[in-house]
Amino acid sequence: MIEIVDTGPLNTIQDLGRPGYRDIGVTASGAMDPLALKIANLLVGNDQGAAAIEVQTFPFRLRLRETTVFAVTGGANAKIDGVVLPPWWTQTCDAGQVLELLPSPLAARAYVAFAGGVDVPIVMGSRSTSLRGAFGGIEGRALQKGDTLLLGEPIATVLPADGLGVVPPASALAEFFPVAADNTLLIRALPAGEHDLFGADGERFWSQSWKISSQSDRTGYRLSGEPVRPTAPVEMRSYGIVPGVVQVPPGGEPIVQMSDANTAGGYPKIAGVLDADLWRLGQARIGSRLRFVRSSHAEARTLDKVIAAYVEDVRNTAQMVGRALETMAGPKPAVRKGKNQ
Amino acid sequence: MSVVDFSDPATIAFLAAALQAAGVDGIEIIQPGRTLRIVTGRDAPGADPLVQILQSTSCAAKPDKVSAPMAGVFSSHHPASSAPPSQPPLKVAAGETLGFIGIGSILLPVKAVKPGVMTRRVAEDGSVVGYGDPLFEFEPRP
Amino acid sequence: MTSPMPQPTDRSSNALGTPARIASALQREVQISTIGARAFLLEAPGDFDLPAQRRIWALAHALRHWDNLSEIVPGMTNLLAILKTTPEDPDAVIARLRDAWQRAESIDIKGKTIEIGVHYGGEHAIDLAALCDRSGLTDREAVRIHHEGTYTVFALGSAPGFGYLHGLDPRIHMPRKTVPSLKMAKGCVTIGGMQTGVAMLTGPNGWNSIGFADLQMFDPTAAVPAIMAPGDTVRFLPERIEL
């Protein structure tokens, strides 16, 4: 069991979401950075889609009520009882210890996973909190100070006593996920249905950089920059949407829909972000800049594979390292001593 | 009482397979009195690994060295950190992380076992180190 | 939870209520475009009407047999097909969708009939007066026209279990408000353009409220969470008229 000691608003329990119900109006929800969630789960021996805590407002503190294997990934400066934890790290903590998360200048959201996963009821196939629908997670609401969370039964896993980490994807996969020299995030997208109705503004959409405005949250990001407008008013019939769709409301400043996006939309859509870049968008901080880069299905497939290979490498190597260390150390210190005699 | 026997062919085969899976070239396990060295053929993955069991009379790593917990690539700082690592001598607390060993995408911490001063980095950043290779020189100071 | 994001769907429903402008967007051929690398949107040509929607239902039915599909989301005379993985040849997917559309024959879903008791007028009917002003009808006439109608659920979307109801008498069409109500109550019976519906969530809403229905229409813990399904018939029963 864990206890929430301190939390900002809008920190929620999330897993990989509940896709499959858009046709009855249900938002998929799920982690804004699904890659960080998967890695956190793999590090503690969980299925990659187990439920964890998504922290996007800080400071955040929790107390462990029993000895627990946990992992922190994504953007945060984490400390255990005041001792700094390296980024993207897993380790065992004792009952009573306090995990503290402070904001990171690099990324917006952190994921805290626990061996066994956060055990809240499964609603429509997922434990993700749907704030708008008011279900999932803890009674469909954000975490509050004083909440206690039950954990599932941990899967037996071998973890080195000193803990273990991963090279964060932004470093490990840097050659595939570029950032411009001035730190502008480069986000790959494909033109969407109404792109060509924007004329010259459609080209400017790609060439100019956009700032993520303060009116941005799990539902979507409002971008600020010089407006882009279609050459004539466009009327749309309501259509199904997915996270990553870039729509342009009449004001001309685009909106990128994110994890808590509505299931249907009606604004003209100028582009759609590749799934492979959504995790980076999910970690983009308010006030930071991004530029859209025109991509292709071929590039999307390459990036999908790069991410899948990274996840597999973490899954396999973490287990291999744990087993190898256990083998080298021997099961118990007493045994090793015996060997020496 | 079960004992890990590094002369057991099954254990050696397991370690060799694990090394190959991780893309690591070799491992050296030093125990008082003997050393197990496994070198896998990176260029010829199908080939049998070279296994040597060396008897030795020398003692284990000296207490003033901090050594590699496993074979891998040494790094004195976390890959996500942009700041250059501080230069020795450095006062460190027990349990403080001094550096990392990278195995694929996995990072193993190298920690100070007791409080003291790290006086010198022995291994170069980015170099491949074997199990037990000295990484730091260390003066324990309670 | 109120989000600072505007809800574009509210605006879209406005678009549905302005037939003159929709006409300008009419296409002769089916249009297929992409949203990102995995989702493909098919938009039916022609009018926004029941025959077009019936063909969308037929298409949705046909696509259920595709292997690589993760989700099928019917919209207003359009359909979003979300693939499980990024396709190697997107043009082949588009060709296959176009072929499926051409083969799709209008189906008439034998849906159930849902009767919804409505308290017309009263504290929740905040836009009834404006509807009368716009239509020139008395409040009694406007309410009668609404509850005498027979409606078809075209699609669900926008909020859990929310059904877009088609079949509103043109005399009581009313565009979405330019300034949405910030906290319209769940259960409000509303008009948005040429459609009507029952608000599923309390929150910002640009549709025009003329009454209130106290009916639980979505239960996330139920085996079938949404009461409405595409093709269902909906009737509103005037339980009380408070004018």
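Residues numbered from 1 in each chain as written. Chains lettered and ligands numbered in written order. Predicted model: local features only at pLDDT ≥ 70, side-chain atom pairs only at ≥ 80, totals over all residues.

### Describing the overall build of chain C
Working step 1: Helices and strands together make up the secondary structure of chain C, namely six helices and 13 strands.
Working step 2: Counting every position in chain C, which comprises 243 residues, the buried fraction comes to 49%.
Working step 3: Look at the contacts in chain C between residues 6 or more apart in sequence, and 66% of them connect residues 24 or more apart. (Helix = DSSP H or I, 4+ residues; strand = E, 2+ residues; numbered from the N terminus. Buried ≥ 20, exposed ≤ 12 C-beta atoms within 10 Å, placed from the backbone. Contact = placed C-beta atoms within 7 Å.)

### Re the overall build of chain B
Working step 1: The secondary structure content of chain B amounts to one helix and eleven strands.
Working step 2: What you see in chain B, going N to C, is helices and strands ordered as α-β-β-β-β-β-β-β-β-β-β-β.
Working step 3: Across the 142 residues in chain B, those meeting the buried criterion constitute 35%.
Working step 4: Taking contacts inside chain B between residues at least 6 apart in sequence as the whole, the part at least 24 apart equals 54%.

### Some details on the interface of chain A and chain C
Working step 1: Each partner contributes to the interface: chain A provides 48 residues, whereas chain C provides 53 residues.
Working step 2: Contributing elements (two or more residues each) for the side of chain A that touches chain C: β16 (239-240), β17 (245-247), β19 (264-265), β20 (269-273) and α5 (297-329) of chain A.
Working step 3: Among the elements that make up the side of chain A that touches chain C, the one with the highest residue count is α5 of chain A (four residues).
Working step 4: Looking at the side of chain A that touches chain C residue by residue, the classes come out as 21 nonpolar, 17 polar and ten charged. (Nonpolar A, V, L, I, M, F, W, Y, C, P; charged D, E, K, R; others polar.)

### Focus on the nonpolar core
Working step 1: Judged by nonpolar contacts, the single largest core of 143 residues is most densely connected at Ala-40, Ala-52 and Ala-113 of chain A.
Working step 2: The dominant element in this core, judged by the number of residues it contributes, is α5 of chain A, at ten residues.
Working step 3: Core analysis: the second largest hydrophobic core is formed by 48 residues, Leu-156, Val-189, Met-194 and Phe-218 of chain C among them. (Core = buried A, V, L, I, M, F, W, Y, C linked by C-beta atoms within 7 Å.)

### So, the sheet that holds strand β15 (residues 220-224) of chain A
Residue and element names in this part refer to chain A.
Working step 1: Taken together, the seven strands give a closed barrel; going around it, the order is β13-β20-β17-β18-β15-β14-β21, and neighbouring strands pair in mixed fashion. Taking the axes of each pair of neighbouring strands and ignoring which way they run, one obtains an average angle of 40° across the sheet.
Working step 2: Alignment of strand β14 (residues 210-216) against strand β21 (residues 289-294), held across two bridges, turns out to be antiparallel. When the sheet's bridge partners are listed, Trp-210 is paired in β21 with Leu-290.
Working step 3: In this fold helix α4 (residues 275-282) packs onto β13 (185-191), β18 (255-257) and β20, with an angle of close to 140° to the strand it touches most, β13. (Pairing = 2+ DSSP bridges. Axes fitted to C-alpha atoms, helices over the stretch in contact; angles between N-to-C directions.)

### Points about the confidence of the model for chain C
Reading fine detail from the predicted coordinates is not recommended where pLDDT is low.
Working step 1: Averaged over all residues, the pLDDT of chain C equals 89, while 89% of them reach at least 70.
Working step 2: Scoring the predicted complex yields pTM 0.86 and, for the interface, ipTM 0.94. (pLDDT = per-residue confidence, 0-100.)

### A closer look at the sheet that holds strand β4 (residues 78-83) of chain C
Residues and elements named next belong to chain C.
Working step 1: Strand order in the open sheet made by the four strands is β1-β2-β4-β3, with antiparallel pairing throughout. The two strands at the open ends of the sheet, each matched to only one other strand, are β1 (31-35) and β3 (69-74). Looking at each pair of strands side by side, their axes are set apart by 20° on average, direction ignored.
Working step 2: Here β3 pairs with β4 via five bridges, running antiparallel. When the sheet's bridge partners are listed, Ile-72 is paired in β4 with Ala-81.

### Remarks on the confidence of the model for chain B
Working step 1: Summarising the model, chain B shows a mean pLDDT of 76, and 56% of its residues fall at 70 or more.
Working step 2: Low pLDDT (under 50) marks residues 55-62 of chain B, which in the prediction has eleven contacts with non-local residues, meaning those over four places away or in another chain.

### Section: the packing of helix α1 (residues 34-43) of chain A against α5 of chain A
All names here are of chain A.
Working step 1: At their nearest, the axes of α1 and α5 sit 9 Å apart, and the two run at 15° to each other. Classified by the interaxial angle, the pair formed by α1 and α5 is roughly parallel. Note on packing geometry: the crossing formed by α1 with α5 is right-handed. Counted together, Leu-35, Lys-38, Ile-39, Leu-42 and Leu-43 of α1 and Ile-307, Val-311, Val-314, Arg-315 and Ala-318 of α5 form the full contact between these two elements.
Working step 2: A breakdown of the residues in the contact of α1 with α5 according to their chemical character gives eight nonpolar, no polar and two charged. (Parallel < 35°, antiparallel > 145°, perpendicular 65-115°, else oblique. Left-handed = near helix turned anticlockwise from the far one by under 90°.)

### Remarks on the environment of Pro-19 of chain A
Working step 1: Within the element layout of this structure, Pro-19 of chain A appears in the loop between β2 (12-14) and α1.
Working step 2: With 263 residues separating them along the chain, Pro-19 of chain A and Gly-282 of chain A place their C-alpha atoms 17 Å apart.
Working step 3: Ignoring sequence-local partners within four residues, the contact set of Pro-19 of chain A consists of Ala-28 of chain A together with Ser-70 and Glu-71 of chain C.

### Some points on the pairing of strand β9 (residues 98-102) of chain A
Residues and elements named next belong to chain A.
Working step 1: As paired elements, strand β4 (residues 60-64) and β9 share four bridges and run antiparallel to each other. Of the residues in β9, the one forming a bridge with Arg-63 is Val-98.
Working step 2: Strand direction decides the pairing type here: strand β6 (residues 77-80) and β9, joined by four bridges, are antiparallel. Note that in β9 the partner of Asn-77 across the bridge is Leu-102.

### Here's the deal with the pairing of β20 of chain A
Residue and element names in this part refer to chain A.
Working step 1: With five of five residues buried, β20 is to be regarded as a mostly interior element.
Working step 2: Sheet topology places β13 next to β20; three bridges connect them, and they run antiparallel. Opposite Pro-191, over in β20, you have Ala-271 as the bridge partner.

### Remarks on α4 of chain A
Since the α-helix turns once every 3.6 residues, residues separated by three or four places project in the same direction.
All names here are of chain A.
Working step 1: Among the eight residues that make up α4, eight are buried, leaving the element largely enclosed by the rest of the structure.
Working step 2: Along α4, the positions that sit buried rather than exposed are Asp-275, Ala-276, Asp-277, Leu-278, Trp-279, Arg-280, Leu-281 and Gly-282.
Working step 3: Turning to α4, the residues buried within the fold contact α1, β13, β18, β20 and α5.

### Observations concerning the environment of Leu-156 of chain C
Working step 1: The topology assignment puts Leu-156 of chain C in strand β6 (residues 151-156).
Working step 2: In this structure the C-alpha to C-alpha distance between Leu-156 of chain C and Asp-67 of chain C, which are 89 residues apart in sequence, comes to 24 Å.
Working step 3: Sequence-distant contacts of Leu-156 of chain C, that is, excluding residues within four places in its chain, are made with Asp-23, Ile-24 and Gly-25 of chain A together with Gly-161, Phe-162, Gly-163, Ala-226, Met-228 and Pro-230 of chain C.

### Quick notes on unusual backbone geometry
Working step 1: Looking along the chain, the bond that leaves Phe-58 of chain A and enters Pro-59 of chain A is cis, with omega of -5°.
Working step 2: Relative to the elements of secondary structure, Pro-59 of chain A occurs in the loop between β3 (52-55) and β4.
Working step 3: Cis geometry is found at the peptide bond from Pro-88 of chain B to Pro-89 of chain B, where omega equals 5°.
Working step 4: Here Pro-89 of chain B shows up in the loop between β5 (72-75) and β6 (90-92).
Working step 5: Even without a glycine there, the phi angle at Ser-29 of chain A is positive, about 55°.
Working step 6: One non-glycine residue with positive phi stands out, namely Asp-81 of chain A, at about 45°.
Working step 7: By secondary structure assignment, the location of Asp-81 of chain A is in the loop between β6 and β7 (83-84).

### Observations concerning the environment of Gly-165 of chain A
Working step 1: Topologically, Gly-165 of chain A is positioned in strand β12 (residues 164-166).
Working step 2: Exposure remark for Gly-165 of chain A: the 29 C-beta atoms within 10 Å place this residue in the buried category.
Working step 3: Taking the C-alpha atoms as reference points, Gly-165 of chain A and Ala-318 of chain A, separated by 153 residues in sequence, lie 8.7 Å from one another.
Working step 4: Not counting chain neighbours up to four residues away, the residues in contact with Gly-165 of chain A comprise Pro-86, Trp-88 and Trp-89 of chain A together with Leu-107 of chain B.

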